[in-house]
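Coordinate analysis (summary)
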Amino acid sequence: MSTPPSFLDDNQIERLSSLLEQRAVPFKGLNLEALDGFLSALVVAPVPALPDQWQPQVWGGQPPRWNDEDEALQVQNLLMGHWNMCAARARFEGEDLPDHLAPLMWLPEDPEQAEEALDESELDVGRDWAMGFFTAVMLHEAEWDTWLDEHAWIEEIFDLLDQLASGERIDPENPEAPPARVSYRERLDICMELPAMLADLNHHRVDALTPRVPIRRDAEPGRNDDCPCGSGKKYKKCCGLN
C-alpha cells in the first residue's frame, strides 16, 4: 500500500478537484474549497475523527464506487494527502506560511482589485471554505460547544467564520438590528487570518490533550518513625499530631 503524500502538488490538487466536481458536488458533497475547510476543522477538533467517520461526508453521504482497487487507493491517497497538508498548516510556526500549505480557496490575483470589477460569484470569497469547516464541526458538535462555552476567543473565531458563511454580520451592541452585509474587503481580511486562527486552535487542542503531570508529594512518615523535623520525637507525638 502506497504512502499518502505529505502535501498535494498542483497536479494532485487538480485531480482531486476534478473528482470532487464529478463525484461529490452533484450529490451535495464538497468541492475542493469546502473540503479544505472541512479537513482544517477536523485536524484541530476537540476529538480525533477516523476516516470512516468523515470520508462519507466528502461525497455527500455515500462514497462512490470506483472502477477498481487501484483507483480507490489513488483517491484515498489524495484525501489523506490533503489531510496531511491541512495538519501541517495548523502546526506551522512562523510568519510566512509556505505556498504549498496555503488554504485551497479562490482568491483574486490582485487583492486591491475594485469590488465593482468582480462578478457576483466572485464576491463571496471564503464562503465554501467556512461552510466546509462548519460541516466538520457538526460531526463533534457537543465537544465544540464545550470549547465555545469555555473560551470566548474560540467563539470570536466562529463568529468570523460565520460571517464568511452567511455574508452577514450582527452588531453585538444591537442584536435586534438587521444584520450588516460583510464586504468583499472584510472577507479578504478574514481569509488572510485563517492560518493564524487554525494555529491557535491547534495549540489549544494539543494543550487540551496533554496529560497533566500530578505534583509529586513526598511520602508521609509512618506514625512511629522519627519526626523529620529533627525534634527526636516520634512523628505521631510531634508534627503528626492533628
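Residues numbered from 1 in each chain as written. Predicted model: local features only at pLDDT ≥ 70, side-chain atom pairs only at ≥ 80, totals over all residues. Heavy atoms only, no water.

Attention shifts here to helix α6 (residues 141-150). Buried residues of α6: W144, W147 and L148, and no others. Taken down its axis, α6 places every buried residue within 100° of arc, on the same side. Looking at α6, the residues exposed on the side facing more than 90 degrees away from the buried face are A142, D149 and E150. Buried residues belonging to α6 abut α2 (32-43), α5 (127-137), α7 (152-166) and α9 (194-209). (Buried < 20%, exposed > 50% of the residue type's maximum accessible area, 1.4 Å probe, protein only. Helix = DSSP H or I, 4+ residues; strand = E, 2+ residues; numbered from the N terminus. Arc of directions from axis to C-beta. Contact = heavy atoms within 4.5 Å.)

Here we come to helix α3 (residues 51-58). W54, Q55, P56 and V58 are the residues of α3 that are buried. Next to the buried residues of α3 lie α1 (10-23), α2 and α4 (69-91). Among the residues trailing α3, G60 stands out with phi positive, at a value near 95°.

A few words on the pattern of salt bridges. The full count for this structure, using the stated rule, is five salt bridges. E71 is the partner of R15 in a salt bridge, and the nearest nitrogen-oxygen pair spans 4.0 Å. Of this pair, R15 sits in helix α1 while E71 sits in helix α4, placing them 56 residues apart in sequence. For R15, a relative accessible area of 35% puts it in the partly exposed group. (Salt bridge = Lys/Arg side-chain N within 4 Å of Asp/Glu carboxyl O.)

Another aspect to go through is the side chain of N202. Residue position: N202 is located in helix α9. Within polar-contact distance, the side chain of N202 engages the side chain of R205 at 3.0 Å. (Polar contact = N/O pair within 3.5 Å; in protein donor to acceptor, adjacent residues only side chain to side chain.)

With phi around 65°, K28 is a residue other than glycine that occupies positive phi space. With respect to the helices and strands, K28 occurs in the loop between α1 and α2. With relative accessibility at 78%, the residue K28 sits in the exposed group.

Okay, the packing of α5 against α7 next. Packed helix pairs are characterised by how far apart their axes lie and by the angle those axes make with each other. Packing of α5 against α7 leaves a shortest axis separation of 7 Å and a crossing angle of 125°. Judged on the interaxial angle alone, α7 and α5 are oblique. When the axes of α5 and α7 are compared, the crossing they make is left-handed. Contacts between α5 and α7 involve R127, W129, A130, M131, F133, F134 and V137 from the first element and F158, L161, D162, L164 and A165 from the second. For the contact of α5 with α7, a count of residues per class yields 10 nonpolar, no polar and two charged. (Axes fitted to C-alpha atoms, helices over the stretch in contact; angles between N-to-C directions. Parallel < 35°, antiparallel > 145°, perpendicular 65-115°, else oblique. Left-handed = near helix turned anticlockwise from the far one by under 90°. Nonpolar A, V, L, I, M, F, W, Y, C, P; charged D, E, K, R; others polar.)

Below, the discussion takes up the layout of surface pockets. Its boundaries defined by the atoms lining it, the largest pocket holds a volume of some 210 Å³. Every residue along the wall of the largest pocket is listed here: R89, F92, E93, G94, E95, L97, M192, E193, P195, A196, A199 and H203. It is α9 that provides the largest number of residues to the lining of the largest pocket, a total of four residues. (1 Å grid on protein atoms, 1.4 Å probe; cavity = no way out; pocket = protein on both sides within 12 Å on 5 of 7 lines; lining within 4 Å. Points joined across faces, edges and corners; volume = space filled by probe spheres on them.)

Moving on, we get to the packing of α6 against α7. Put simply, α6 and α7 touch, their axes get as near as 5 Å, and they point 115° apart. Between α6 and α7, the angle falls in the class roughly perpendicular. On α7, the residues that touch W144, W147, L148 and E150 of α6 are A152, I154, E155 and F158. Residues that form the contact of α6 with α7 fall into these classes: six nonpolar, no polar and two charged.

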